Amino acid sequence: MPPTQKLADTEPIRVVIIDDQELFRRGLAMLLTAETGIEVAGEAGDGAQGVELVASVVPDVVLLDIRMPRQSGIEACAAIKDAVPSAKIIILTVSDEEADLYEAVKSGASGYLLKDSSIEEVAQAVRVVADGQSLISPSMAVKLIDEFKQMSRPERSHVPGLKLTERELEVLRFVAKGLNNRDIAKELFISENTVKNHVRNILEKLQLHSRMEAVMYAVKEKLLDLP
C-alpha cells in the first residue's frame, strides 16, 4: 500500500515539523503527539534538512517556518511540493507580512498560521489540510481578502482557454469566502464528495496546487467579483 494512501479512520495523520527554534519545535511535537489521530513523523531544524526529511518519510502534512537558515520556508515549500506533491504544507510563523502569505500560497502552501495560534487551532489546521482543504489565520484572511478587492477592481477581461463551468465558479466563490467543503455542500444543496470533485477539477484546469492559490488566480484574472 503506497505511503500516501490512508485507510479511513485507522491511520494517523503523519506530520513533519520544520523550524529552526528547537524549543518551539520540540514543544509543538510533544503537544501534537498528544492529539488524537496525529503522529509526528520527524523534525528538522532548517529548510534544506526539512526537504530531505520530507522526501524520506513522505508525511501527510508539513508544518513549516519561514525564517530559517540554509533555505527559507518559502524555498523549502516549493521544493517539498516538487519532491512530494501529496504533502500538504502549513506555514507556521511569526510573520504577518502580506508578501510572505502570497509567496507561501504561490509556492503551494495549503495553510498559513501565526505562531500565537493555540495548539487546538494548529491541530485543527492539520486535520483540515489533510482532508484537502485550506486554512489561514483569521487576521491573515482579512489581508488576503483586502488584496482580492484590490486585484478585482480593474475591468473584467476575458481569459482565453480557461473553461470553468458555472458550478465550478460558484464553488470557487464560496472557497474565496472561506467556506469548507461541508458548508459549500449545504449552500449548493449537493454532496460533500461532489464539492471535493469540483475543487479537484478547478485545480486541474488552472494547473495550481491549492485552494487558496486557485482563488488568488481567479480574482487576479477577474473571474470572481468580491464585494
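For the structure, see preceding data.
Now for a description of the structure that goes with this document.

1. Comments concerning the overall build of the chain
Helix and strand counts for the chain stand at ten helices and six strands. Taking all 227 residues of the chain together, the buried fraction comes to 48%. Contacts in the chain between residues at least 24 apart in sequence constitute 66% of all its contacts with a sequence separation of at least 6. Accessible surface, the chain: about 11500 Å² in total, of which carbon and sulfur atoms supply 51%.

2. Observations regarding the packing of aromatic side chains
Evaluation of the coordinates by the stated rule reveals zero aromatic pairs. The cationic tip of Lys115 hangs over the ring face of Phe24; the distance from NZ or CZ to the ring centre is 4.4 Å.

3. Considerations on the side chain of His198
Relative to the helices and strands, His198 is located in helix H9 (residues 192-206). Under the relative-accessibility criterion, His198 is labelled buried at 16%. Apart from residues lying up to four places away in sequence, His198 is in contact with Arg167, Glu168, Val171 and Ile190.

4. A look at the side chain of Ser117
Along the polypeptide, Ser117 turns up in the loop between strand S5 (111-114) and helix H5 (119-130). Residue classification places Ser117 among the buried residues on the basis of a relative accessible area of 17%. In this structure the side chain of Ser117 is engaged in a polar contact, spanning 2.7 Å, whose partner is the backbone oxygen of Leu114.

5. Re H5
Its twelve residues place the ends of H5 16 Å apart at the C-alpha level, agreeing with the 16 Å of an ideal helix rising 1.5 Å per residue. Of the positions making up H5, those classed as buried are Ile119, Val122, Ala123, Ala125, Val126, Val128 and Val129. Looking one or two places after H5, you find Gly132, whose phi comes out positive at around 90°.

6. Observations concerning the environment of Glu22
Looking at where Glu22 falls in the secondary structure, it is placed in helix H1 (residues 22-33). With 23 residues separating them in the primary sequence, Glu22 and Gly45 have C-alpha atoms 7.0 Å apart.

7. Quick look at the pattern of salt bridges
Applying the stated rule across the entire model yields eleven salt bridges. One salt bridge connects Arg127 with Glu35, and the closest N-O pair in it is separated by 3.2 Å. Residue Arg127 is found in helix H5, and its partner Glu35 is found in the loop between H1 and strand S2 (38-44); the two are separated by 92 residues along the sequence. Arg127 gets classed as partly exposed once you look at its relative accessible area, which sits at 29%.

8. Thoughts on the packing of helix H7 (residues 166-176) against helix H8 (residues 181-188)
Relative orientation of the contacting elements H7 and H8 amounts to 130°, with a least axis distance of 10 Å. In terms of orientation, H7 lies oblique with respect to H8. Viewed along their axes, H7 and H8 form a crossing whose handedness is right-handed. The residues of H8 that touch H7, namely those facing Arg167, Glu170, Val171, Phe174 and Val175, are Ile184, Glu187 and Leu188. Of the residues assigned to the contact of H7 with H8, the class counts are five nonpolar, no polar and three charged.

9. Re the pairing of strand S3 (residues 61-64)
Burial along S3 is two-sided: the face carrying Val61 and Leu63 and the face carrying Val62 and Leu64 are both buried. Across four bridges, the pairing between strand S1 (residues 13-18) and S3 is parallel. Each residue of the ladder has a partner; that of Val15, found in S3, is Val61. Here S3 pairs with strand S4 (residues 88-93) via four bridges, running parallel. Residue pairing for S4: Leu64 is matched across the bridge by Ile91. The parallel pair S3 and S4, bridged by helix H3 (residues 73-83), forms a crossover whose chirality is right-handed.

Calculation notes
Residues numbered from 1 in each chain as written. Predicted model: local features only at pLDDT ≥ 70, side-chain atom pairs only at ≥ 80, totals over all residues. Heavy atoms only, no water. Helix = DSSP H or I, 4+ residues; strand = E, 2+ residues; numbered from the N terminus. Buried < 20%, exposed > 50% of the residue type's maximum accessible area, 1.4 Å probe, protein only. Contact = heavy atoms within 4.5 Å. Areas by Shrake-Rupley, 256 points an atom, 1.4 Å probe, with all protein chains shown as cover. Phe/Tyr/Trp six-rings, centres within 6.5 Å; stacked < 30°, edge-to-face > 60°. Lys NZ or Arg CZ within 6 Å of the ring centre and 35° of its normal. Polar contact = N/O pair within 3.5 Å; in protein donor to acceptor, adjacent residues only side chain to side chain. Expected span 1.5 Å × (residues − 1). Salt bridge = Lys/Arg side-chain N within 4 Å of Asp/Glu carboxyl O. Axes fitted to C-alpha atoms, helices over the stretch in contact; angles between N-to-C directions. Parallel < 35°, antiparallel > 145°, perpendicular 65-115°, else oblique. Left-handed = near helix turned anticlockwise from the far one by under 90°. Nonpolar A, V, L, I, M, F, W, Y, C, P; charged D, E, K, R; others polar. Pairing = 2+ DSSP bridges. Right-handed = clockwise from strand over helix to strand, strands pointing away.

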